Amino acid sequence: MAVASISTGDWDTLGSAASEIRRAVFIDEQNVPQEEEWDGLDPECQHFLAMLDGQPVGTARLLPDGHIGRVAVLAGARSTGIGALLMRSAIEAARHAGHAQAALSSQVHALAFYQRLGFVAHGDEFLDAGIPHREMTLSLA
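Residues numbered from 1 in each chain as written. Predicted model: local features only at pLDDT ≥ 70, side-chain atom pairs only at ≥ 80, totals over all residues. Heavy atoms only, no water.

With respect to the nonpolar core
Applied cut-off: Side-chain atoms within 4.5 Å are what join buried Ala, Val, Leu, Ile, Met, Phe, Trp, Tyr and Cys residues into a set we call a nonpolar core. Residue burial is assigned from relative accessible area. The probe radius is 1.4 Å, only protein chains are included, and a residue is buried under 20% of its type maximum, exposed over 50%, and partly exposed in between. Here a strand is any run of E in DSSP of at least two residues, a helix any run of H or I of at least four, and the numbering for each starts at the N terminus. By the convention used here, residues are in contact when the closest approach between their heavy atoms is within 4.5 Å.
In terms of nonpolar packing, the biggest core is built from 29 residues, with Ile-68, Met-87, Tyr-114 and Phe-119 touching the most fellow members. Looking at this core element by element, the count peaks at eight residues for helix 3 (residues 82-96). Beyond its immediate stretch of four places on either side in the chain, Tyr-114 contacts Val-71, Met-87, Leu-104, Ser-106, Phe-119 and Met-136. Listed in part, the nine residues of the second largest apolar core include Leu-14, Ile-21, Phe-26 and Met-51.

Some points on the sheet that holds strand 6 (residues 120-128)
Basically, it comes down to this: Here, any two strands with at least 2 DSSP bridges between them count as paired. Helix axes are fitted to C-alpha atoms over the stretch in contact, other axes to C-alpha atoms as well, and angles between N-to-C directions run from 0 to 180 degrees.
The sheet built from three strands is open, its strands ordered 5-7-6 with antiparallel pairing. Whereas interior strands pair on both sides, the edge strands pair on one side only; in this sheet they are strand 5 (101-107) and strand 6. Recorded for the sheet is a direction-independent mean angle of 25° between the axes of neighbouring strands. In this sheet, strand 7 (residues 131-139) lies alongside strand 6 in antiparallel orientation, the contact comprising six bridges. Bridge pairing links His-122 to Glu-135 in strand 7.

Read these as geometric descriptors, not functional statements.
The structure is reproduced here in structure tokens:
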């Protein structure tokens, strides 16, 4: 049985592994331009690193305003529950920080994943890095 865990830390601590995962998923797989992926906000964020059997396979970040972003799981670790584990950690961190809600911009193909976690989509579809997205929120009250 696979052993999964989540580490939490700052960019100095987790950035090396997190950046490799984000490069593989967003830049290589989804063709997001590097200048859009590396937005300069990472030093301000709380980061989450998912490990599966001791290997880094997923990442996410929580911005100071309660937005969860840069949720990425390597292709070989998808459908293992790692994404939900990452999200539950980020949601709990947002709650612990006192945010009334967590927010995120979901790629349209991932809406159902976030809806299963309680997020509600709102607003019109929009393009971010050429990929269709919708805004979503989750009440933490």
